[in-house]
Number of protein chains: 2
Amino acid sequence: MVEDGPPRVSVLRLGHRRDRDKRITSHLGLTARAFGADEVILAGDRDPSALETWDSVTERFGGEFLSRFEESPLSMLRQESKSGGVTIVHLTMYGNPWRESIPSIPLDKPALVVVGGTKVPAEVFHLADFNVSVGNQPHSEVAALAIFLESWIGQIDESSRFHGAKMRVIPSTNGKTVINDDEE
Amino acid sequence: MVEDGPPRVSVLRLGHRRDRDKRITSHLGLTARAFGADEVILAGDRDPSALETWDSVTERFGGEFLSRFEESPLSMLRQESKSGGVTIVHLTMYGNPWRESIPSIPLDKPALVVVGGTKVPAEVFHLADFNVSVGNQPHSEVAALAIFLESWIGQIDESSRFHGAKMRVIPSTNGKTVINDDEE
């Protein structure tokens, strides 16, 4: 976790459809991991291949990112909302602008970042502590999650966060440099 | 275009595969539009449905975003590289960190932002003026494009950029507010 960052960030992916959303959902979880979330929670269709993709990247590229399936995301949100122990941030193109919202989101409480699929129930807008838009144009939940996490959490120290990596990419001006500890 | 932003930004999507990449490519073009690019260029499989999606969003949500298919993206890159009139920025997890690279990318020249698919030819790394990574972890070209454009171009004035919109989303604290001029 970054210094001064929130204690724990989970990303809840609502309404996953196994066929149509496979790669978007996969990218969404990897984006959560790369930009500092601790966990991705899949809801909608039960799809082990999404969890396998995420776990496989964590296995190779390090860190302690978790993934799990949630059968009843609305019950979970209701409980979390009632408990008050977690800040619920719902990313939606209908919400308030992220640049204005972010300074109000507490950094001393765990957060659950909710990312919708096609049709998000109206109740989610009410259970959320913050409905946040990353622009009010149609684009992508992957883009919205990246911008939100990067802006809210800030810069991540990749080498400490993704400790225990078997594969590491070394920044390069004009080629690919990958260190693969398995091959050494 | 934003004040002080680059004069023209095109996004080139390499290696599109019609079945596998349909939604990622669609999100990539919408992300290009939402974060201030002027044009998306599709390469790989010829896929009219991607262009239709992008044009349909522009038609409804405004602005002058263009889309087209490019048969020979490598020839195009070679030509652009030779002419020197355009800055070629290649987004890749193998590149140099974006926070360090962005201050060096000129804002007074048009830019071509290249986003790879599965296998990017080594030549692209050499034709690019900048190979830029948005983190060195595997995540998503959609996330990388969003972060890069948002960081480089800066805040967009949506109401002027997306002029002539038939549909407009009004930011809301806990619901959906959409103005649809077609229905008025």
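Refer to the structure presented above.
Structure report, in brief. Just so we're clear, the structure is a prediction, and the values are computed from it rather than from any experiment. In every chain, residue numbers begin from 1 and rise along the written sequence. All chains are assigned letters beginning at A, and all ligands numbers beginning at 1, according to the order in which they are written. Since the coordinates come from a predicted model, pLDDT governs what is reported: local features require at least 70, and pairs of side-chain atoms require 80 or more to be given and counted, while whole-chain, interface and lining totals use all residues. For the side-chain quantities, the full set of heavy atoms in the structure was used; hydrogens and water were omitted.

Here we take up the sheet that holds strand β3 (residues 66-69) of chain A. All names here are of chain A. Strands qualify as paired when DSSP identifies two bridges or more between them. Think of it this way: any DSSP run of H or I at least four residues long counts as a helix, any run of E at least two long counts as a strand, and we number them from the N terminus. Taken in spatial order, the six strands make up an open sheet running β3-β2-β1-β5-β4-β6, and their pairing is parallel. Each having just a single partner strand, β3 and β6 (130-133) make up the two edges of the open sheet. If you compare each strand with its neighbour and ignore which way they point, the axes differ by 30 degrees on average. Two elements, strand β1 (residues 9-16) and strand β5 (residues 111-115), share five bridges in a ladder whose sense is parallel. Within β5, the position partnered with S10 by the bridge is L112. Throughout, a contact is declared for two residues whenever any of their heavy atoms are within 4.5 Å. The axes used here are C-alpha line fits, helices contributing only the stretch in contact, and every angle between their N-to-C directions lies in the interval 0 to 180 degrees. Contacts between helix α1 (residues 22-34) and the sheet are confined to β1, β2 (39-44) and β5, with β1 contributing the most and set at about 175 degrees to the helix.

So, about the nonpolar core. Put simply, buried Ala, Val, Leu, Ile, Met, Phe, Trp, Tyr and Cys residues joined by side-chain atoms within 4.5 Å make one nonpolar core. Here's how the labels work: a residue is buried when its accessible area is under 20% of the maximum for its type, exposed when over 50%, partly exposed in between, all with a 1.4 Å probe on protein chains only. If you look at the biggest cluster of nonpolar residues, it comprises 112 residues, and the most contacted ones within it are L91(A), L145(A), F148(A), L91(B), L145(B) and F148(B). When sequence neighbours within four positions are dropped, the list of residues in contact with F148(B) reads V89(B), L91(B), I102(B), I105(B), V113(B), V132(B) and V134(B).

Note that H90(A) resides in strand β4 (residues 87-97). Here the side chain of H90(A) touches N131(A) through a polar contact of 2.8 Å, side chain to side chain. In the analysis that follows, any N or O atom pair within 3.5 Å is treated as a polar contact, provided that within protein one partner can donate a hydrogen and the other can accept it, and provided that, for residues neighboring in sequence, both atoms belong to side chains.

A word on the packing of aromatic side chains. Residue and element names in this part refer to chain A. A pair of aromatic rings is counted whenever rings of Phe, Tyr or Trp (Trp by its six-membered ring) have centres within 6.5 Å, and the orientation is called stacked for planes under 30 degrees apart, edge-to-face for over 60 and tilted otherwise. Enumeration according to the criterion identifies two aromatic pairs over all chains in this entry. Ring geometry for F148 and W152: centres 5.6 Å apart, planes at 25 degrees, overall stacked. Here F148 pairs with W152, and both are found in helix α6 (residues 141-153), just four residues apart, close to one helical turn. For F148, a relative accessible area of 0% gives the class buried. Judged by its relative accessible area of 6%, W152 falls in the buried class.

Relating one copy of the chain to the other requires a rotation about an axis plus a shift along that axis. Least squares is used to superpose the copies, and the fit set is the C-alpha atoms of residues whose pLDDT is at least 70 in both copies. Overlaying chain B on chain A yields an RMSD of 0.0 Å, the required transformation being a rotation through 180 degrees with an accompanying axial translation of 0.0 Å. Here the transformation between the copies is reduced to the relation of a two-fold axis. Taking the C-alpha atom as reference, chain B places A143(B) closest to the rotation axis, 2.3 Å from it. Both copies contact each other with a shared surface, as 100% of the interface residues of chain B are interface residues in chain A too.

Residues and elements named next belong to chain B. Taken in spatial order, the six strands make up an open sheet running β3-β2-β1-β5-β4-β6, and their pairing is parallel. Whereas interior strands pair on both sides, the edge strands pair on one side only; in this sheet they are β3 (66-69) and β6 (130-133). This sheet shows a mean twist of 30 degrees between the axes of neighbouring strands, independent of strand direction. Examined bridge by bridge, strand β2 (residues 39-44) and β3 share four bridges and lie parallel to one another. The residue bridging L42 from the neighbouring strand is F69, located in β3. Across the sheet, helix α3 (residues 73-83) touches β1 (9-16), β2, β3, β4 (87-97) and β5 (111-115), and the angle it forms with β5 is around 145 degrees.

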